[in-house]
Amino acid sequence: MAELQTIRLHVNGHVHTCSVPPRLHLVDMLRDELGLKGSHLGCEHGVCGACTVEVDGRAVRGCLTLAVQADGKQVRTVEGLADFPDARALQESFIKHNALQCGFCTPGMLLAARELIQHKPDATREEVREWMSGNYCRCTGYHAIVDAVCEVLAQRHQESAA
Amino acid sequence: MSITIDKAPAKLHDLTQDPRYIGHSPERPSARRLVQGQGCYVDDIELPRMTHVVFWRSPVAHCRITGINAEFAKRMPGVVLVADGPMLAKICKPWVATLGHLAGMKSAPQYPLAIERACWQGEPVVAIVAETRAQAEDAMAYLQVSWELLPAAVDMETALHPDTPVIHPELGDNLCFTRSLDSGGVDEAFARADHVVSTTFEFGRHTGVTLEPRCQIADWRSAEQRLTVYHSQQAPHMMQDLYARQFSIAESAVRVICKDVGGSFGIKVHAYPDDFATVALSMMLGRPVKFVADRLESFTSDIHARHHLVKARIAVRNDGEILAFEMDDLTGIGPFSMFPRTSAIEGNQVVNLVGGPYKHQHYRAKLDVVFQNKTPTCQYRGVGHPVACAITEGLVDMAARAINMDPMEIRLRNVIPDDAYPCSGISGVKFEGLSHQACLAKLEELMDYKALRAEQAALREKGIYRGIGIAALIELTNPSAAFYGVGGARIASQDGATARFDPNGGITVLVSVGEQGQGTEAIYTQIAADAVGVDMAQVRVVTGDTEVTPYGGGTWASRGAGIGGEAVLLAGEALRANILKVAAVILKRDAQDLDIHRGDVIDIASRDVLTPLTEIGRVAYFRSDTLPNDFTPELQVTRHYAQRDFPFIFTNGVQASYVEVDPDTGFVKLLKHWAVEDCGRVINPQLVNEQIRGAIVQGIGGAMLEECLYDSQGLMLNANMADYLVPMCAEMPDIEVAHIETPTKSSKLGAKGAGEAGTAGAPAAVMNAINDALHPLNAQVTSQPFTPEKILTALGRV
């Protein structure tokens, strides 16, 4: 077993210092060391997107990122999303459109959607579908998720126009 | 009968005096928790002294286990136990999964871990338990299992050939179940037809891919001799019964708890070998054991489904009258029938359902269900319906083409008319009341069929190949005991609800049907609130705990709304009556003169508020001294419901798909999908629409993308999430949903199931759309999934 590495990172605005094995994945550290169970493991090989978290403002696969790679970084998980108006708007829109059923993909979906509205504020419905294709949902068929994201994009346009 | 689209209010008769929630789409109570990451799935639960199990699974399709050397593995850090099949068989009995009403069905005994030989790639053989999951996985590398390859029966097509190895010699052959059905007069019907169209359909073996893998924690408490299992499961009472029986412990010593379930779709309604192994390991260790399948083992250990090879034909007259269907279905189910629902049900359903929407009088079917050395198959969302619907609707489109009739027209001429019910289908299935004609009419309007045909024709002039596909369907829901109970399986067909009036005026409802994301708890909240006469915010629904809820069947065969919902309605009404009895005593009035309205007891005539429910609660619970000696408030009631009028309550619907095929690449773009669905009374339009949409996309997955690919040795080639394709957001169409409501009279609620019809119809609709697009190019595809390669092959371009 390799020596433990001490890392220091911000998670949802709180500083954590952890000693972790170099092979430990970020999502395992968040779930098992910090008790943040909102990020889920769906495939553990970087395909399904259920483990998506934000590192220094970009959505990453928590199962393909090592915890040591997050040393010194700002990490944001679903548990910390409600601190931000854009993420809160997404959460409300997901509820309104029933854009979640079992909820297992939802944390990753919200993180991916938040990155979309920040980086592509003018995305069309087709572009929303394209962007959200990195995250699998087996329940909804995606239609409601696309509706929910598009509504937040439209709201933000209205707000910026006003 | 009424028509509603999206959020239009229900126009059926009101069920309650003040219907505020049934028929509407209020916010789902659990959604807020899930968007905040505050769900509680099995892998989120940590118990004191909990251990973790990983399984060494057979790497090949069929092998003899010649030796297990665990010496080195046991010495690895954190390892607490290494166990094999014979060790677990000492405490867990084997099982044989057959049903008495499937005549002649056979299967072989199966154990939690394979003994002596493994019969499919992925069968669990050795368990390693360690303090952490990582330690267990590390130790696996040091486990030495020696094995000899045995000849395998891989292909279902050759499973019954004399030179194919018989997987279980004691059974005599590889035939699990066979069935024939003949209505009579079939040969004569084909002889007098103007056209007979024959073809072969193939359906790819695929699997459910719940985003949360199968998982459980078994916690055996040796002091109490009690077992608690936290399980991601659809049928907790079924599992309680199975654990009690297989481990020879009292049913009351077993508690199964299902918290949040991350998708189920039928994958999590079966009893898997590793379920029993995990329990056995906890008993051996006296410690909690957690099993969470990783995605790679999910692909070879979750049930697969739907590999059918079907020769089929249809007889039609030039005037469009369908005279007869005939089909011969072969399906391979793996080496064992799955416990306890069996793996013969899917094929049996195909036989029952082919031709379902139509009024033809002649039908012949043959079914062979065979064993093979591949992952066991069993019931997955839709269970036979997607296969039967694609056979039926594929043939109907081919017949329409043969007589040059519009696909909408041939369906309108042949569906059982809406005024013909109740009646039986020619396969023997009984229909209470369906609405094929109304659904087809609604679909024509919804998709603007004529305009779409004009657009298609115009684009074809420009060399753009678009196709329109229609699929009418029937779906069995609200099953009676005819499904499993009569066959000897201890799977409840009834469900129960307990409604309790709490001192603060709130209502707690305990229901035996649980939630896997469909919104089950939401509709129970709506029903209870309307039935009692309180705000939804005052209702708390509790499910998923065998020690807490009434006994019941759980989630399968689209029964949660129709059966569980009826139990909630009956319990809510009974509780309301009991609350009014208490109010009458307190207010010294006649109960008949009182009503409950939005949290208050009112005078039924004047509508004056007499007292809030909180006051009834205060007096009933804390001031019983003020009540007469001969009166005791009964503020908790339980009601059960089983559907007994029909074997199943059938629903119906029709779907349409609009696609564009690129003849140069074979790629299909799904442009739009429509569904008109009749699930009886719609309790929550938004939730029904989302069930339909999600199910349609799962159906499209099987039709376009998903397939468990095997090599000739029985090894799965794409057993990972990257190579096994599931639908992604960008590839899926927008889906418009509309409803016709024909309530069932078998219950007061009138609701039928809605969870599977989307999956039933989507593959047929997409197939027909692709073939409509390919028709001018004289090509046709009938083998799912419809990959670009298959389309290019049909076009003669590869």
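Note that this is a predicted model, so its numbers are computed, not measured.

## Concerning the sheet that holds strand β18 (residues 362–370) of chain B
All names here are of chain B.
Item 1. Ordered by their spatial adjacency, five strands build an open sheet running β8-β18-β17-β16-β9, and the pairing between neighbours is mixed. Each edge of the open sheet carries a strand with a single partner, namely β8 (175–182) and β9 (195–203). Along the sheet, successive strands turn relative to each other by an average axial angle of 5 degrees, direction set aside.
Item 2. Strand direction decides the pairing type here: β8 and β18, joined by seven bridges, are antiparallel. Counted as the bridge partner of R179 is L367 from β18.
Item 3. Where helix α10 (residues 385–402) meets the sheet, its contacts fall on β9, β16 (308–316) and β17 (322–332), and the angle it forms with β9 comes to roughly 145 degrees.

## Quick notes on the interface of chain B and chain A
Item 1. At the interface, 42 residues of chain B touch 41 residues of chain A.
Item 2. Taken together, the elements giving at least two residues each to the side of chain B that touches chain A come down to α1 (31–35), α17 (685–705) and β31 (734–741) of chain B.
Item 3. If you tally residues by element for the side of chain B that touches chain A, the top one is α17(B), at seven residues.

## Focus: the domain arrangement of chain A
Residues and elements named next belong to chain A.
Item 1. Domain boundaries assigned for chain A yield domain 1 (5–77) and domain 2 (84–161).
Item 2. One C-alpha centre belongs to domain 1, the other to domain 2, and the line joining them spans 22 Å.
Item 3. Between domain 1 and domain 2, the contact holds 13 residues from the first and ten residues from the second.
Item 4. Ranked by residues supplied to the side of domain 1 that touches domain 2, first place goes to strand β3 (residues 52–55) with three residues.
Item 5. Across the side of domain 1 that touches domain 2, the residue classes tally to five nonpolar, six polar and two charged.

## Let's talk about the sheet that holds strand β25 (residues 594–597) of chain B
All names here are of chain B.
Item 1. The strand order β25-β26-β27 describes an open sheet built from three strands, whose pairing is antiparallel. Looking at the sheet topology across the chains shown, the edges are occupied by β25 and β27 (609–612). Here the strands of the sheet are splayed against their neighbours by 30 degrees on average, with no regard to which way each runs.
Item 2. Relative to β27, strand β26 (residues 600–603) runs antiparallel, the two being bridged by three bridges. Note that in β27 the partner of V601 across the bridge is T611.
Item 3. The strands touched by helix α15 (residues 560–587) within the sheet are β25, β26 and β27, with β25 carrying the most contacts at an inclination of about 120 degrees.

## Focus: the domain arrangement of chain B
Residues and elements named next belong to chain B.
Item 1. According to the domain assignment, chain B contains domain 1 (2–39 + 494–641), domain 2 (42–150 + 210–301) and domain 3 (304–481 + 645–794).
Item 2. Taken over C-alpha atoms, the centre of domain 1 sits 39 Å from the centre of domain 2.
Item 3. Listed by partner, the interface residues are 15 residues for domain 1 and 17 residues for domain 2.
Item 4. For the side of domain 1 that touches domain 2, the per-class residue count stands at two nonpolar, eleven polar and two charged.

## Quick notes on helix α2 (residues 85–96) of chain A
Item 1. Here α2(A) spans 16 Å end to end across twelve residues, near enough to the 16 Å set by a 1.5 Å rise per residue.
Item 2. Within the sequence span of α2(A), burial applies to A87(A), A89(A), L90(A), Q91(A), S93(A) and F94(A).
Item 3. Where the residues of α2(A) are buried, they touch α3 (106–119) and α5 (143–161) of chain A together with α1 of chain B.
Item 4. At the C-terminal side of α2(A), N98(A) shows a positive phi close to 50 degrees.

## Regarding helix α16 (residues 613–622) of chain B
Item 1. Of the residues making up α16(B), those classed as buried are L613(B), I616(B), G617(B), V619(B) and A620(B).
Item 2. Residues of α16(B) that are buried in the fold lie against β22 (495–501), α15, β26 and β27 of chain B.

## Structural notes on the nonpolar core
Item 1. By size, the foremost hydrophobic cluster in this structure holds 313 residues, and its most contacted members are I128(B), V509(B), A528(B) and I770(B).
Item 2. A528(B) has contacts with A499(B), I507(B), V509(B), V539(B), V568(B) and G572(B), leaving out every residue within four places of it along the chain.

## Considering the pairing of β18(B)
Residues and elements named next belong to chain B.
Item 1. When you tally the buried positions in β18, you get eight out of nine residues, the bulk of the element.
Item 2. Examined bridge by bridge, β17 and β18 share nine bridges and lie parallel to one another. Paired with E326 across the two strands is R364, which belongs to β18.
Item 3. Considered for its hand, the β-α-β crossover made up of β17, helix α9 (residues 345–353) and β18 is right-handed.

## Describing the confidence of the model for chain B
Item 1. Looking at chain B as a whole, the pLDDT averages 97, with 99% of positions reaching at least 70.
Item 2. As a predicted assembly, this complex carries a pTM of 0.97 together with an ipTM value of 0.98.

## Observations concerning unusual backbone geometry
Residues and elements named next belong to chain B.
Item 1. For the peptide bond that leads from F339 to P340, omega is -10 degrees, which places it in the cis range.
Item 2. Summarising the element assignment, P340 is placed in the loop between β17 and α9.
Item 3. Geometrically, the link from Y421 to P422 is a cis peptide bond, its omega value of 0 degrees lying close to zero.
Item 4. Along the polypeptide, P422 turns up in the loop between α11 (407–414) and β19 (423–424).
Item 5. Phi at V383 is positive, roughly 35 degrees, even though this residue is not glycine.
Item 6. In this structure V383 comes out as buried when scored by C-beta crowding, with 28 C-beta atoms within 10 Å.
Item 7. Positive phi values are uncommon outside glycine, yet R607 reaches one of about 65 degrees.
Item 8. For R607, the location among the structural elements is in the loop between β26 and β27.
Item 9. The exposed category is assigned to R607, around which 9 C-beta atoms lie within 10 Å.

What counts, and where the lines are drawn
Residues numbered from 1 in each chain as written. Chains lettered and ligands numbered in written order. Predicted model: local features only at pLDDT ≥ 70, side-chain atom pairs only at ≥ 80, totals over all residues. Pairing = 2+ DSSP bridges. Helix = DSSP H or I, 4+ residues; strand = E, 2+ residues; numbered from the N terminus. Axes fitted to C-alpha atoms, helices over the stretch in contact; angles between N-to-C directions. Contact = placed C-beta atoms within 7 Å. Domains from an automatic or database assignment. Nonpolar A, V, L, I, M, F, W, Y, C, P; charged D, E, K, R; others polar. Expected span 1.5 Å × (residues − 1). Buried ≥ 20, exposed ≤ 12 C-beta atoms within 10 Å, placed from the backbone. Core = buried A, V, L, I, M, F, W, Y, C linked by C-beta atoms within 7 Å. Right-handed = clockwise from strand over helix to strand, strands pointing away. pLDDT = per-residue confidence, 0-100.

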